[in-house]
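Listed below, chain by chain, are the residues.
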Amino acid sequence: RSDGRRLATASSDHTATIWDPKNGQSLAKLIGHSDNIRIVEFSPSGERLITASDDGTLRLWDASTGRTVGVCTGHKGTVLDAHFSHDGTRLISASSDGSARIWSAQSCQQLVEFDGHTAAVWSASFSNDGTRIVTSSSDGTARIWNPETLKLESILSGHEKIVRRAIFSRSGRLVLTGS
């Protein structure tokens, strides 16, 4: 992922790296996870990064120094996906433990847990306006949730196998799923 000035990569060597895409120089190596890193993403401001790992944790990093500023713990399985909200105040994660969770992007405190899928949750993301969340799962469904009320708004079914990804359109009126 890129913030326009820097590029970040995740690796199975348990590290992530921030790069200068113009000259290919490594700017910082993010060390702290004890297993493969699946996701790395810059915050909307570019000041922080989030990493998600097979070790069951999310880590928040200072993008200028490469230092850990928070560790989000609570998932009982691999963290398969993680993203910042569009305003950068919250994080969302998806796990092989069948849950999706919302965290404070400042403190890594867990704010919400969505429980409803019957198998691994492969992806979780906010709508652009932050008023809805979509999750996708090995149970063959995608689900739309209200993050304020914690209510399930709809179940999207029709795929015959794992739904690995679900995302909102920019307008938030449509959801794209991939299986």
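First, a word on what this report is: a plain description of the structure on this page. (Residues numbered from 1 in each chain as written. Predicted model: local features only at pLDDT ≥ 70, side-chain atom pairs only at ≥ 80, totals over all residues. Heavy atoms only, no water.)

1. Notes on the overall build of the protein chain
And then number 1: The number of helices and strands found in the protein chain is zero helices and 17 strands.
And then number 2: The C-alpha radius of gyration of the protein chain comes to 16 Å, within 12% of the 16 Å expected for a compact globule of 179 residues.
And then number 3: Taken along its principal axes, the extent of the C-alpha atoms in the protein chain is 45 × 30 × 30 Å.
And then number 4: When burial is assessed residue by residue, the protein chain has 48% of its 179 residues classed as buried.
And then number 5: Summarising the internal contacts of the protein chain: among those between residues at least 6 apart in sequence, 38% fall at separations of at least 24.
And then number 6: Accessible surface for the protein chain amounts to roughly 8600 Å². Of this, 47% is attributable to carbon and sulfur atoms.
And then number 7: Averaging the positions of the 20 positive and the 19 negative side-chain charges in the protein chain gives two centres separated by 3 Å. (Helix = DSSP H or I, 4+ residues; strand = E, 2+ residues; numbered from the N terminus. Rg over C-alpha atoms; globule rule 2.2 N^0.38 Å. Buried < 20%, exposed > 50% of the residue type's maximum accessible area, 1.4 Å probe, protein only. Contact = heavy atoms within 4.5 Å. Areas by Shrake-Rupley, 256 points an atom, 1.4 Å probe, with all protein chains shown as cover. Lys, Arg positive; Asp, Glu negative; His and termini not counted. Charge placed at Lys NZ, Arg CZ, Asp CG, Glu CD.)

2. Description of the nonpolar core
The nonpolar side chains of a soluble globular protein tend to be buried, and buried together.
And then number 1: Ranked by size, the top nonpolar core spans 13 residues in total, and within it Ile50, Ala52, Leu58, Leu60, Cys72, Phe84 and Leu91 carry the most contacts.
And then number 2: Secondary structure elements with two or more residues in this core: strand 5 (48-53), strand 6 (58-62) and strand 8 (79-84).
And then number 3: Take this core: its biggest share by element is three residues, from strand 8.
And then number 4: Filtering out sequence-adjacent residues up to four positions away, Leu58 remains in contact with His33, Ile50, Thr51, Ala52, Gly70, Val71, Cys72, Val79, Ala82, Ser93 and Trp103. (Core = buried A, V, L, I, M, F, W, Y, C linked by side-chain atoms within 4.5 Å.)

3. Description of the packing of aromatic side chains
And then number 1: Tallying each qualifying case throughout the model produces one aromatic pair.
And then number 2: Look at Phe114 and Trp145: their rings are 5.1 Å apart centre to centre, the planes differ by 50 degrees, and that puts the pair in the tilted class. Note that Phe114 is positioned in strand 11 (residues 110-115) and Trp145 in strand 14 (residues 142-145), a separation of 31 residues in sequence.
And then number 3: Taking relative accessible area as the criterion, Phe114 reaches 3% and is therefore assigned buried.
And then number 4: Over the ring of Trp122 we find Arg164; its NZ or CZ atom is 4.3 Å from the centre of that ring. (Phe/Tyr/Trp six-rings, centres within 6.5 Å; stacked < 30°, edge-to-face > 60°. Lys NZ or Arg CZ within 6 Å of the ring centre and 35° of its normal.)

4. Topic: the pairing of strand 14
A regular strand carries its side chains on alternate faces of the sheet.
And then number 1: Taking every second residue as pointing to the same face, both faces of strand 14 are buried, with Ala142 and Ile144 on one and Arg143 and Trp145 on the other.
And then number 2: Bridge count between strand 13 (residues 133-137) and strand 14: four bridges; the pairing is antiparallel. Of the residues in strand 14, the one forming a bridge with Ser136 is Ala142.
And then number 3: Between strand 13 and strand 14, which follow one another and run antiparallel, lie four residues, and Gly140 among them has a positive phi close to 85 degrees.
And then number 4: Here strand 14 pairs with strand 15 (residues 152-156) via four bridges, running antiparallel. Residue pairing across strands places Ile144 opposite Ser154, the latter belonging to strand 15. (Pairing = 2+ DSSP bridges.)

5. What about the sheet that holds strand 8?
And then number 1: With respect to topology, four strands assemble into an open sheet ordered 8-9-10-11, the strand pairing being antiparallel. The sheet is open, and its two edges are formed by strand 8 and strand 11, each paired on a single side. Taken over all neighbouring pairs, the strand axes of this sheet differ in orientation by 15 degrees on average, direction set aside.
And then number 2: In terms of strand pairing, strand 10 (residues 99-104) meets strand 11 through five bridges, oriented antiparallel. By the bridge assignment for strand 11, Trp103 is matched with Gln110. (Axes fitted to C-alpha atoms, helices over the stretch in contact; angles between N-to-C directions.)

6. Quick look at the sheet that holds strand 15
And then number 1: The strand order 12-13-14-15 describes an open sheet built from four strands, whose pairing is antiparallel. On the outer flanks of this sheet lie strand 12 (121-126) and strand 15, each paired with one strand and no other. Taken pair by pair, the neighbouring strands of this sheet meet at an average axis angle of 15 degrees, ignoring direction.
And then number 2: With five bridges connecting them, strand 12 and strand 13 associate as antiparallel partners. Of the residues in strand 13, the one forming a bridge with Ser125 is Val134.

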